[in-house]
Amino acid sequence: MFDPVLSALPAFASFFLTALALLAAFLGLYIAVTPYNEMALIRAGNEAAAVSLGGAMIGFALPIAVSVAVSHNIYAMLGWGVVAGGVQLLAYVLARLALPTLNQAIPQGRLAAAIFLASLSLGVGILNAGCII
């Protein structure tokens, strides 16, 4: 009964650990690109930073999950991880163009700007995931 699960555990572990590494790398890059440190803001209780970073994380993770489900190939997952990271960074740039005060709004805890950024991140992440073949 558990034999199929046990035999699949090594593949699961490799995909899951690779996905976690991709997520950690993306978060490090995203935090480095933004002019404010989301993690420090979150530790200080800034809900806007938590909402915006959470949206970016989910928007990044969705295409990664779909790439694994569609391809079952770690190299494809890595490639789609690069694409997903680029798409999320582009979403951040677009959000800054739409809201020029975004760099001040998030550190100031303005939830409206954070919800917009998170929604944009989720939207492009969903579209990115849906376009994976």
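For the structure itself, look to the data block above.
Reference entry: report on the structure contained in this document. (Residues numbered from 1 in each chain as written. Predicted model: local features only at pLDDT ≥ 70, side-chain atom pairs only at ≥ 80, totals over all residues. Heavy atoms only, no water.)

**Overview of the packing of aromatic side chains**
By the definition in use, this model includes four aromatic pairs. With centroids separated by 5.5 Å and ring planes inclined at 40°, the aromatic side chains of F26 and Y30 adopt a geometry described as tilted. Taken together, the residues span about one helical turn, with F26 and Y30 both in helix α1 (residues 3-33) at a distance of four residues. Classification of F26 by relative accessible area gives buried; the value is 3%. The rings of F26, Y30, F60 and Y92 are connected pair by pair, giving a single aromatic cluster. (Phe/Tyr/Trp six-rings, centres within 6.5 Å; stacked < 30°, edge-to-face > 60°. Helix = DSSP H or I, 4+ residues; strand = E, 2+ residues; numbered from the N terminus. Buried < 20%, exposed > 50% of the residue type's maximum accessible area, 1.4 Å probe, protein only.)

**Considerations on the environment of A84**
Considering the arrangement of structural elements, one finds A84 in helix α4 (residues 74-98). When the C-alpha positions of A84 and A65 are compared, they lie 11 Å apart, and in sequence the two are 19 residues distant.

**Here we look at the side chain of S121**
You can see S121 is positioned in helix α6 (residues 111-130). Not counting residues within four places of it along the chain, the set of residues in contact with S121 comprises G55, A56, G59 and Q88. (Contact = heavy atoms within 4.5 Å.)

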